[in-house]
Amino acid sequence: MASNIANIVFPGRFNPKTDKWCDYKEQLLCALDAAGYEETNLDKARSLFLSQCGKETYSLIASLLVPNRPTNVNFSDILRVLDQFYEPEVNEILQAGKFHKRQQLQSESVQDFVSAISLLGAKCNFVDLKRQLRDRLVLGVLDDRLRRELLKIKDLTYETAVQTCLNHQAALLDLYPDANETKQTPFHVTEPMDISKIRSNDCRHCSRAHKPGEKCPFIKARCFYCKRFGHIAAVCNKRSGKTQDISNIENSGEEATFSDRSMMGIYVCSENYRQAITADVMIEGVKVTMEIDSGASRTIISEDTYNKLWSIPPSLNATNIKLVTWTREPLKVLGEVNVHVKLGAKEARCDLIVVSGKGPSLLGRNWFHGLNIEIVGLCWSEDKITNLVNQFPGLFASELGEYKGPLVSLHVRADATPKFLKARAIPFPLKQQVNEELNKMVDQGILTPVNYSNWATPLRIVKKDDGSLRICGDYRATVNAAIDVDSFPLPKAVEAFVKLSGGRVFSKLDLKQAYTQLKVDDKTAMLLTLNTPIGLMKMNRLAFGVNAAPAIFQRVMSTAFADKEGVACLLDDIAIMGRNEEEHEQRLYEVLDKLHDMGFRLNVSKCIFAAESITFLGHMIDANGLHPAPAKVKEIREKPAPTNKETLRAFLGLYNFYEKFLPDKATLLEPLYRLLDSKRP
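Cut-offs applied
Residues numbered from 1 in each chain as written. Predicted model: local features only at pLDDT ≥ 70, side-chain atom pairs only at ≥ 80, totals over all residues. Heavy atoms only, no water. Helix = DSSP H or I, 4+ residues; strand = E, 2+ residues; numbered from the N terminus. Contact = heavy atoms within 4.5 Å. Areas by Shrake-Rupley, 256 points an atom, 1.4 Å probe, with all protein chains shown as cover. Axes fitted to C-alpha atoms, helices over the stretch in contact; angles between N-to-C directions. Parallel < 35°, antiparallel > 145°, perpendicular 65-115°, else oblique. Left-handed = near helix turned anticlockwise from the far one by under 90°. Pairing = 2+ DSSP bridges. Nonpolar A, V, L, I, M, F, W, Y, C, P; charged D, E, K, R; others polar. Salt bridge = Lys/Arg side-chain N within 4 Å of Asp/Glu carboxyl O. Buried < 20%, exposed > 50% of the residue type's maximum accessible area, 1.4 Å probe, protein only.

Draft legend 1. Local environment of the overall build of the chain. Of the regular secondary structure elements, the chain holds 21 helices and 22 strands. Sequence separation of 24 or more characterises 65% of the internal contacts of the chain that already satisfy a separation of 6 or more. Total accessible area on the chain is roughly 39,800 Å²; 51% of this is exposed by carbon and sulfur atoms.

Dropping the structure here:
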């Protein structure tokens, strides 16, 4: 017996979180049988199982067998109580309901679907299990054509149905090996938001609206009209007279190698069409109207345009650059020519590709650097922004701003007792960076070293997105508990949105280091003293972390812009709108002039000037109104499913941020709120 056991691998410790009891028990009984324990003599295996099952399972067995001990009962009794605990009797009617509702999921293989319905069917105690499995397989498959094929088979058996589904799946994979490449469904912010319903665009291969993840069967079909591959006649651009979408790639080899990684697309939208962005470019002294396309890696013109521009066209040079359509069909490249180009005041020599046929002239990315073109998402050019910065040099200066109004004074309650807290230890990887930031704040005049103070607050280190540190004081246990908080209310988001309604051109300004541009009096500076690793330092500016700071700063900003139309302000973010470019520019200059007179500084890298839309207070604002911000919607979509009440409350709070966009919100969220009941498991 000992030699047999030495060569047998037992299941080991049972983990109820990852292991199924029925599978574990079968493995255990098989191991015992292989070791020589007969079914009638399994009680001898009790000690072996109890020593292998783990502490948690042993404690569970002991609690289930009270008042008996596990070593005093038969092995069959131990298996029986574990069966009752881990696999209680199920309601056959409910299990049958789950079985009959089971459908093949998106991207679920036939093998996984067959396995799923087999496990469900085994719990239903069907008298005719094979027939039920056959019917569920036929009615539950995702492909309608496969279902019709199965229904045509006379006297269909379960085994035949499974084999037919497997053959169909294998044939699809052979015919369309890349058919699993599906297009991401975009979110249209102008529509009412419903996170549970995502609309798909019409497929460019067949014009049908596929479900998310569904494979298009016509991804490599041949068009009856143009005889090309990748679409059917219903979506043929040549048949409808639409401009053919093209993509281009650059290949320095002798043969064209088309790969997804090297492809750079040039797209033409047919839905929600907007006028192309064009520029009049002088090419060899001839004016050419070109579409500026950041999706094109190369600048191209058609053969037709090439022949019409010059009486004697420049000679073309041979090139290995290859062009393909969106469906990877090669285009004929006639050659390349180096031309003199002028756009505005910028001149350069650039390479131009000529292709066969007709089509728009596209100004691609290879000309951007030479002509000083940048895609920054703004209506203003880089030169105009530079002129604005030069017009207000003090407003965009690198040093910290200093508000020219009265000094800030915090009022300490009469019964408050000064608190002196020792400095906190700084993690060694951050120690040098923290010391450098403290010395920088001393140089800027924000901090001043002192020898003593009745008040001392430890540091709170906040890491920014760019890797830099923000040095704050943890004033919760010191100053915040001892001062009177300013009662000036922060404006509601809806008030800001009303001020910005009706605008068509928008700008957003960001104040540099916000609160720290407001100076405090000497008494308040000592009150805000920080206890740092390099000694005590009084705070000469209004500090982050002080609970009275937001209201104080908002009072200053609201008072300054109370009479300004089309200007909304919340703390250090200022939004400006105009019904046209002239009105917007007038209001923008008035705000900049006011900020300059107040002594503030702006962070030009975070400012947006003359844009068609801005993101403000978590919403996107444009000429069409208020919409959910795409980044916020993406965060909601990618949020993992809640696993307990705490994560469910967090998810509902995030979801309710956009409650104004949710139709039938109460009905939609009612089942989720029921899960928060105290008696719900």
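Moving on from the coordinates now.
Draft legend 2. Examining the packing of helix α7 (residues 110–122) against helix α8 (residues 129–140) more closely. The contact between α7 and α8 brings their axes to 10 Å, and the two run at 140 degrees. On the basis of the axis angle, α7 is oblique to α8. Where α7 crosses over α8, the handedness of that crossing is right-handed. Seen from α7, the contacting residues are F113, V114, I117, S118 and G121; seen from α8, they are L129, L133, R136, L137 and G140.

Draft legend 3. Layout of the sheet that holds strand β18 (residues 573–578). Read from one edge of the open sheet, four strands run β17-β18-β14-β19, paired in antiparallel fashion. Here the strands that pair on one side only, and so sit at the sheet edges, are β17 (567–570) and β19 (608–611). Averaged over neighbouring strand pairs, the angle between their axes works out to 10 degrees when direction is ignored. Where strand β14 (residues 505–510) and β18 come together, six bridges link them in antiparallel fashion. Within the sheet, the bridge partner assigned to L509 lies in β18 and is I574. Along the sheet face, helix α18 (residues 581–598) touches β14, β17, β18 and β19 and points at about 150 degrees away from the line of β18.

Draft legend 4. Expanded view of the packing of α8 against helix α9 (residues 144–152). Where α8 meets α9, the closest approach of the two axes is 8 Å, and the angle between their N-to-C directions is 140 degrees. Comparing the axis directions of α8 and α9 gives the class oblique. Along its contact with α8, which presents V138, L139 and G140, the element α9 presents R147, L150 and L151. Of the residues in the contact of α8 with α9, the class split is four nonpolar, one polar and one charged.

Draft legend 5. Broad picture of the pattern of salt bridges. The full count for this structure, using the stated rule, is 17 salt bridges. With a shortest N-O distance of 4.0 Å, E590 and K564 are connected by a salt bridge. Of the two residues, E590 sits in helix α18 while K564 sits in the loop between α17 (549–560) and β17, which places them 26 residues apart along the sequence. Using a relative accessible area of 35% as the deciding quantity, one classes E590 as partly exposed.

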